[in-house]
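# Results of the structural survey
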There are 2 protein chains.
Amino acid sequence: MSQPDTLKPTSDATSLGLAPPPKLAFAMVGLPARGKTFIARKIARYLSWLGHSTRVFNVGSYRRAQLGRQHHSFFDPRNEAYVVARRDVALAALDDMLAYLGGNGDIAIYDATNSTRERRALVRTRCFAQGVEVVFVESICNDQTIVETNIRATKARSPDYEGVPEEDAVRDFRLRIAHYESEYEEVGEDEGPFIKVIDVGRKMTLHRIQGYLPARVVHFLLNLHIQPRSVWLTRHGESTFNVLGRIGGDAPLSDAGRACTHDLARIARGRFGSRVQVWTSTLRRTIETAEILGLPFRSWRALDEIDAGACDGMTYAEIAEEMPHEFEARKADKFRYRYPRGESYQDVIQRLEPVIFELEREREPVIVIGHQAVLRALYAYMMDRPPRECPTISIPLHTIVELEPTAYGCDERRIDLAPAPLDPKRFRQNVG
Amino acid sequence: MSQPDTLKPTSDATSLGLAPPPKLAFAMVGLPARGKTFIARKIARYLSWLGHSTRVFNVGSYRRAQLGRQHHSFFDPRNEAYVVARRDVALAALDDMLAYLGGNGDIAIYDATNSTRERRALVRTRCFAQGVEVVFVESICNDQTIVETNIRATKARSPDYEGVPEEDAVRDFRLRIAHYESEYEEVGEDEGPFIKVIDVGRKMTLHRIQGYLPARVVHFLLNLHIQPRSVWLTRHGESTFNVLGRIGGDAPLSDAGRACTHDLARIARGRFGSRVQVWTSTLRRTIETAEILGLPFRSWRALDEIDAGACDGMTYAEIAEEMPHEFEARKADKFRYRYPRGESYQDVIQRLEPVIFELEREREPVIVIGHQAVLRALYAYMMDRPPRECPTISIPLHTIVELEPTAYGCDERRIDLAPAPLDPKRFRQNVG
């Protein structure tokens, strides 16, 4: 290779006879309360959803586990004993990270302040010695409103301040930040590849970002925002194929499916009015569902149900009888199993990437009217569940899965849909 | 919408009842010989391949058409008459661009120096008045070797210097650059969204880049480089399905297919040795071809042939007889025609995007062993042919299509493969 080629796609592409891609570490940089952990977890969630073994190593957790909760003076750089203690903790996390990357791990995110050139040089040297590439991800935030919101939303509630009144916690945390500010040095161009995220993505500076995955991470980060809003995942109303137990196909809604969809429409309108984005697949059952919803919608081919290939239109009983090998292969590994001439869950995740980007980017609430396998994959992303679990995630018909992103995760609530009461006129027609 | 939402995907997503996305202009900024036209054309090629109506408006061409070739003194900002003449030419291009965006155009690239704040303010004001969003794309190049190479490779050969000895042209062009340098002002944060590309992507600064397409363009630009290398597009050797005239399927190579592939192997090894990347689809016929090539290779699902859905494994005669409506629909619009439960050419382009990114990023030569429809789509990208032409691009079996990217385009050469002479031993076995 004419240049280091950072982690080529693993799931989409099978490589035969090629050298394995190098291991990669994203090392966070920034003052406390600059959203480092938010970014670290988002990157980790995205990459592990894409199929890379990814883990975050948070130095704060190591410190709390090894040294307990600490007063702001612990972070004073003039206090030499504490400087050594903090350095030891940071190195313990780094050692664990390198052990992880020396084993099954593909990508690690080193979530620490790394606020001095000296500390970053140490991180780079250790990583390079093990053949691990390093990309610094620096979060700079000059918008004091955002910093303040972050302190109150995450720091004052951190285990460091359990039982401490909020105002005391906030005061102590501000002093902690001041200690770091006194010695903070921005990442320079002589420190290798970096991504600087300024004021939550208002501005971004990239330096020597050329690898496959770092470029994807930049694209991913460009879509992030911190404005709260809901995402609803809901399957189309029951289709006539659901009634028959057939998979795939392009069947219309059943009467029961229509009835429950009227309930969805009522709840959605009550909740959002018309300020909501509605997305469907290109299949009839999701489009009919959106039509009953009565709001403008957008149909994505990427949201189409998993392609059952040669098994399309069959029941599982028929597959077991007519294609027993396929039935067994699917049972043995539902995540990687690919229907003959069709798709696997892994394939579905690959093609859902643009949907994830749009989902992150959208600032209005979104209702995704989808299909079981596709919604499982989206749910796994939102809830940071291992992709391998996708085939067993419960996404029943006639249920709204409401997800609300929080600082470091996502809250979930489920609403069951009830069939609409019969329209008397329609009832008369039916019996008449 | 809570924020302007720049051009949502058009080809993947059908929007029902949604407002059309706003029009978008990328306005180049930079001194002469900083690769503005290279970047402008790359962006235009990429976006029009994705299905957006995109056009470049190059002010240099307007100037030459309206005012003819000019000596460097024409670009001296102290020469007031010329300043007015140049401004008029720039405004004529801008007017045409706005007329284009007021009509069928989705995206325009305004390829001019736009080197002063005043000029950029004028561009923004005119665009905003028409509801067009503006993203400045500034190319800054401090690496004099690159600037020098660019002057010699493109400027000294431009129509401005036809018949002028190279050294005279280079000298005049350097003086032209000096005139622009005297008044050049970098784009500032108060000028709205921008992408700064520094030293051909070594560094990049992004400001307020949040829209769907600007974020994709950033990701695209991160993959670009200017190192010359070849890309070979070649279909798998003839398969047994090709012999029978059947489409789709997953058939092995025929004997003739194997024989020609030995010729491919001989030519490829003679040309590249082992310094070449080999990519295949996940289908048997491309993998068998790569195995005969005898080099490590990478199999992409994104390179699989167009999915013929319900028509998979049929001959066109059978489709005409058994599914006459499908046959007619395909004939009427081969580009947008989607096989029942399968794909259209438009769908194929969408899923090929990651391949295009990797193709741009790769610095070694690449041999893509693919299929007819998929290679047509890649060829359309490389040669900047309208995507609608894809279904009629000739990509025969047993032919190497060699493409060599140049400054503003791509050179093409085709090599026919001959079957390998029969191996006498194998011949004896066959008759024995």
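Just so it is clear, the model here is predicted, and its values are computed rather than measured. (Residues numbered from 1 in each chain as written. Chains lettered and ligands numbered in written order. Predicted model: local features only at pLDDT ≥ 70, side-chain atom pairs only at ≥ 80, totals over all residues. Heavy atoms only, no water.)

What follows is about the overall build of chain A. Per the secondary structure count, chain A includes 15 helices and 13 strands. For chain A, the C-alpha atoms occupy an extent of roughly 90 × 55 × 35 Å along the three principal directions. With 432 residues in all, chain A has 58% of them scored as buried. The contacts in chain A between residues at least 6 apart in sequence include a share of 69% that link residues at least 24 apart. Charge centroids of chain A, computed over 59 positive and 59 negative side chains, lie 2 Å from each other. (Helix = DSSP H or I, 4+ residues; strand = E, 2+ residues; numbered from the N terminus. Buried < 20%, exposed > 50% of the residue type's maximum accessible area, 1.4 Å probe, protein only. Contact = heavy atoms within 4.5 Å. Lys, Arg positive; Asp, Glu negative; His and termini not counted. Charge placed at Lys NZ, Arg CZ, Asp CG, Glu CD.)

With that settled, consider the pairing of strand β8 (residues 231-235) of chain A. Remark: a regular strand shows side chains that alternate across the two faces of the sheet. Residue and element names in this part refer to chain A. β8 sits mainly inside the fold: 5 of its 5 residues count as buried. For β8 and strand β11 (residues 366-370), the ladder comprises 5 bridges, and the chain directions are parallel. Its bridge partner being in β11, T234 is matched across the sheet by I369. Taken together, the 3 bridges between β8 and strand β12 (residues 399-405) define a ladder with antiparallel strand orientation. From the neighbouring strand, V231 faces β12, where its bridge partner is L403. (Pairing = 2+ DSSP bridges.)

Let us now look at the packing of aromatic side chains. Residue and element names in this part refer to chain A. Going through the model one piece at a time under the given rule, you end up with 24 aromatic pairs over all chains. Through a chain of ring-to-ring contacts, three or more aromatic side chains come together here, namely F74, F75, Y82 and Y180. The ring centre of Y381 lies 4.5 Å from the NZ or CZ of R45, which sits over that ring. (Phe/Tyr/Trp six-rings, centres within 6.5 Å; stacked < 30°, edge-to-face > 60°. Lys NZ or Arg CZ within 6 Å of the ring centre and 35° of its normal.)

In this section: the domain arrangement of chain A. All names here are of chain A. In terms of domain boundaries, chain A breaks down into domain 1 (10-221) and domain 2 (231-431). The gap between the C-alpha centroids of domain 1 and domain 2 is 36 Å. The interface is formed by 16 residues belonging to domain 1 together with 17 residues belonging to domain 2. Carbon and sulfur atoms supply 60% of the area buried between domain 1 and domain 2, which totals about 1700 Å² over both sides. Viewed at the interface, domain 2 and domain 1 are joined by 3 salt bridges. Between domain 1 and domain 2 we count 7 residue pairs in polar contact (both at pLDDT 80 or more) in total. If you list the elements that add at least two residues to the side of domain 1 that touches domain 2, you get α1 (36-49), α5 (144-155) and α7 (212-222). Element by element, the count of residues in the side of domain 1 that touches domain 2 is highest for α1, at 8 residues. Looking at side-chain class alone, the side of domain 1 that touches domain 2 contains 5 nonpolar, 5 polar and 6 charged residues. (Domains from an automatic or database assignment. Buried area = accessible area lost by both parts, 1.4 Å probe. Salt bridge = Lys/Arg side-chain N within 4 Å of Asp/Glu carboxyl O. Polar contact = N/O pair within 3.5 Å; in protein donor to acceptor, adjacent residues only side chain to side chain. Nonpolar A, V, L, I, M, F, W, Y, C, P; charged D, E, K, R; others polar.)

Let's shift gears to unusual backbone geometry. At N114 of chain B, a residue that is not glycine, the phi angle is positive and equals roughly 40°. Assessed through its relative accessible area of 3%, N114 of chain B is described here as buried.

Let us now look at the nonpolar core. If you look at the biggest cluster of nonpolar residues, it comprises 140 residues, and the most contacted ones within it are F26, I195 and L221 of chain A together with F26, I195 and L221 of chain B. Setting aside anything within four residues of it in sequence, one finds I195 of chain B in contact with V135, F136, V137, E138, M204, T205, L206, I209, P214, V217, V218 and L221 of chain B. (Core = buried A, V, L, I, M, F, W, Y, C linked by side-chain atoms within 4.5 Å.)

For the rest of this paragraph, the subject is the side chain of S299 of chain A. Residues and elements named next belong to chain A. The topology assignment puts S299 in strand β10 (residues 297-300). Overall, S299 belongs to the buried group, its relative accessible area being 2%. A distance of 2.9 Å separates the side chain of S299 from the side chain of T280, its partner in a polar contact.

Next up on the list: the pattern of salt bridges. Pairs can form between side chains of opposite charge whenever their charged atoms are close. All names here are of chain A. On inspection of all chains with the given rule, the structure shows 76 salt bridges over all chains. For D160, the salt bridge identified is with R176, shortest N-O distance 2.9 Å. Of this pair, D160 sits in the loop between α5 and α6 (166-181) while R176 sits in helix α6, placing them 16 residues apart in sequence. For the pair D160 and R176, one class covers both residues: buried. The salt bridge partner of R336 is D333, with a shortest N-O separation of 3.1 Å. One connected set of salt bridges, linked through shared partners, spans E148, R152, E166, E167 and R174.

Here we take up the confidence of the model for chain A. Residues and elements named next belong to chain A. For chain A, per-residue confidence averages 90 on the pLDDT scale, and residues scoring 70 or more make up 92% of the total. When the criterion is pLDDT under 50, residues 1-13 qualifies, and its contacts beyond four places in sequence or with other chains add up to 52 contacts. Here residues 423-432 is a poorly scored stretch, pLDDT under 50, and it has 2 contacts once near neighbours within four places are set aside; other chains count. This prediction of the complex comes with two scores: 0.90 for pTM and 0.88 for ipTM. (pLDDT = per-residue confidence, 0-100.)

We now examine the environment of D263 of chain B. Residue and element names in this part refer to chain B. Within the element layout of this structure, D263 appears in helix α9 (residues 255-272). Taking the C-alpha atoms as reference, D263 lies 9.8 Å from I292; in sequence the two are 29 residues apart. Contacts of D263, omitting those with residues within four sequence positions, involve D416, L417 and A418.

We now examine the packing of helix α9 (residues 255-272) of chain A against helix α10 (residues 284-293) of chain A. The angle between the axes and the distance between the axes are what describe a pair of packed helices. All names here are of chain A. Between α9 and α10, the shortest axis-to-axis distance is 8 Å and the interhelical angle comes to 50°. In terms of orientation, α9 lies oblique with respect to α10. For the element pair α9 and α10, the recorded crossing hand is right-handed. Across the interface between the two elements, R258, T261, H262, L264, A265, A268 and R269 from α9 touch E288, T289, I292 and L293 from α10. Residue classes in the contact of α9 with α10 are distributed as 5 nonpolar, 3 polar and 3 charged. (Axes fitted to C-alpha atoms, helices over the stretch in contact; angles between N-to-C directions. Parallel < 35°, antiparallel > 145°, perpendicular 65-115°, else oblique. Left-handed = near helix turned anticlockwise from the far one by under 90°.)

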